[in-house]
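Reading the structure
The chain contents come next:
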Amino acid sequence: MKRILAILFLAALTAHVGAQQPVEGTTYYLPQTCLRFSVLVEKTTFQPGELARYAERYMKLPVNDAPDTNYRIVGISMSLYAMPDTSRQFQAIIDRKHTVISLERDENGVLKAVNAKGRSVAQPEPFRPARKPHALNPRDYMTEDILASGSSAKMAELIAREIYDIRDSRNMLSRGEADFMPKDGEQLKIMLDNLNTQEHALLQEFAGTTETDTTQHFIDFVPAKEVQDQVLFRFSKKLGMVDSDDLAGIPYYINIKDLHAIPELKYDNEEAAKKSKEDIGINVTLPGKIQITVSDGRHPVASFETYAAQFGRVEPLSANLWSKKFITRLVLNPVTGTVESLQTEPLE
């Protein structure tokens, strides 16, 4: 029964291959591993309060009365993607003598699988900033006397007095000495939260407001060889991310070291792994391991290790894998080109 199924399989295979590509075969590329860096930049914007010049007199707060904006890098991560390596272009021979049914390639022609379903590159989730808290309007918490004050000096005095009254009320509630104490802990929490909100809103008139925004920036880099202190991007504390040739920014450097570690190709069938004089054009990549470091010129700020196709070598697969004795299913890593799965099944 097994032999009958094998004969039927080969007959179907012959018909399929003959209809698709009888002689020419299929052209494909092996991948070139590309690095994509994600840089999270936090922008902090300070806006002084309308009464900032009275902050020291009434609230004993040393407040800057000039607007200010600053940037800082809060995180650097790295992901991988593939591009076709034009120096590694091959043609897989599809004919009636071999059991090559299908080759799956990505949209750029990079080989993903033979006689199997390849997998797609899993990209990291995009950064989503946290929802900002609702901005408080200090005037919503001002008394009628404060709003009716005729000068900024008088307004500052009345707001300061209101803030100190709020603090006294909060202290009395916390000690249990208030004239009207809440019935339970939940009511106490609500009252304290309301007092804190009122104080925070009014204090903005003196201390000002500080807002933070975090944005994500992508930088692509395709390593071709070892790299020492090459500018990856430039960053300014006052301007944020700038062009790589903009001297207003401090350079951040990339270093790439070849670790000279290449994985071995393992077969699950010794007979199929035997070398063949025949070449049917199916090649895989044995990628090399590299170390990537990003630094600000003085200290490393991020470090990664990964396999990259262009730092390894090309390995031709034996034609025996696709002789009429076997059906072989090959799945490659879509980014590094290494073999993720190589399964052979005898047909007889």
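This report concerns the structure included in the present document.

1. Quick word on the packing of helix α4 (residues 152–175) against helix α5 (residues 185–207)
Helix-helix packing is described using two parameters, namely the angle between the two axes and the distance between the axes. Interhelical geometry of α4 versus α5 gives an angle of 160° and a closest axis separation of 10 Å. Relative to α5, the element α4 lies roughly antiparallel. Helix-helix and strand crossings are classified by hand; for α4 and α5 the assignment is left-handed. Along the contact surface, α4 presents A156, I159, A160, E162, I163, I166, R167, S169, R170, L173 and S174, while α5 presents L188, M191, L192, L195, N196, Q198, E199, L202, L203, E205 and F206. Here the contact of α4 with α5 is composed, by residue class, of 13 nonpolar, four polar and five charged.

2. Brief notes about the environment of Y81
Mapped onto the secondary structure, Y81 falls in strand β2 (residues 68–92). Taking relative accessible area as the criterion, Y81 reaches 17% and is therefore assigned buried. Between the alpha carbons of Y81 and D220 there is a distance of 9.6 Å; along the sequence they are 139 residues apart.

3. Looking at the sheet that holds strand β9 (residues 283–295)
With antiparallel pairing, five strands are arranged side by side in an open sheet as β7-β6-β8-β9-β10. Each edge of the open sheet carries a strand with a single partner, namely β7 (240–242) and β10 (300–316). Neighbouring strand axes in the sheet, compared pairwise and without regard to direction, differ in orientation by 35° on average.

4. A closer look at the pairing of strand β8 (residues 250–258)
Two strands pair when backbone bridges link them, and strand β6 (residues 227–236) and β8 are joined in this way by six bridges, in the antiparallel orientation. Residue pairing across strands places F235 opposite I250, the latter belonging to β8. With six bridges connecting them, β8 and β9 associate as antiparallel partners. From the neighbouring strand, N255 faces β9, where its bridge partner is T293.

5. Details of the pattern of salt bridges
Working definition: two side chains of opposite charge can pair if their charged atoms are close together. Here the structure, examined in full by the defined rule, presents 18 salt bridges. Among the salt bridges present, the one from E340 reaches R119, with a minimum N-O distance of 2.8 Å. Linking E340 in strand β12 (residues 339–346) with R119 in the loop between β4 (111–114) and α3 (144–147), this pair joins segments that are 221 residues apart in sequence. Since its relative accessible area comes to 38%, E340 is described here as partly exposed. R119 gets classed as partly exposed once you look at its relative accessible area, which sits at 36%.

6. Quick look at the nonpolar core
Generally speaking, nonpolar side chains in soluble globular proteins are found buried as a group. Ranked by internal contacts, the top residues of the largest apolar core, which has 23 residues, are F37, F221, L232, F233, I254, I256 and I292. Listed by contribution, the elements that provide at least two residues to this core are β1 (26–47), β2, β5 (209–221), β6, β8, β9 and β10. Among residues more than four places away in sequence, those in contact with F37 are I76, S77, M78, H217, F218, I219, F221, L232, I254, I292, V294 and F304.

7. Concerning the sheet that holds β4
Think of a sheet as strands paired side by side through backbone hydrogen bonds, with each pair either parallel or antiparallel. Pairing within the open sheet is antiparallel, and its four strands lie in the order β3-β4-β11-β12. Either end of the sheet is taken by a strand with one partner, and the two such strands are β3 (103–105) and β12. With strand direction ignored, the average angle separating the axes of adjacent strands in the sheet is 20°. Sheet analysis places β3 next to β4, joined by three bridges and oriented antiparallel. Following the sheet pairing, R105 is matched in β4 by L111.

About the cut-offs
- Residues numbered from 1 in each chain as written.
- Predicted model: local features only at pLDDT ≥ 70, side-chain atom pairs only at ≥ 80, totals over all residues.
- Heavy atoms only, no water.
- Axes fitted to C-alpha atoms, helices over the stretch in contact; angles between N-to-C directions.
- Helix = DSSP H or I, 4+ residues; strand = E, 2+ residues; numbered from the N terminus.
- Parallel < 35°, antiparallel > 145°, perpendicular 65-115°, else oblique.
- Left-handed = near helix turned anticlockwise from the far one by under 90°.
- Contact = heavy atoms within 4.5 Å.
- Nonpolar A, V, L, I, M, F, W, Y, C, P; charged D, E, K, R; others polar.
- Buried < 20%, exposed > 50% of the residue type's maximum accessible area, 1.4 Å probe, protein only.
- Pairing = 2+ DSSP bridges.
- Salt bridge = Lys/Arg side-chain N within 4 Å of Asp/Glu carboxyl O.
- Core = buried A, V, L, I, M, F, W, Y, C linked by side-chain atoms within 4.5 Å.

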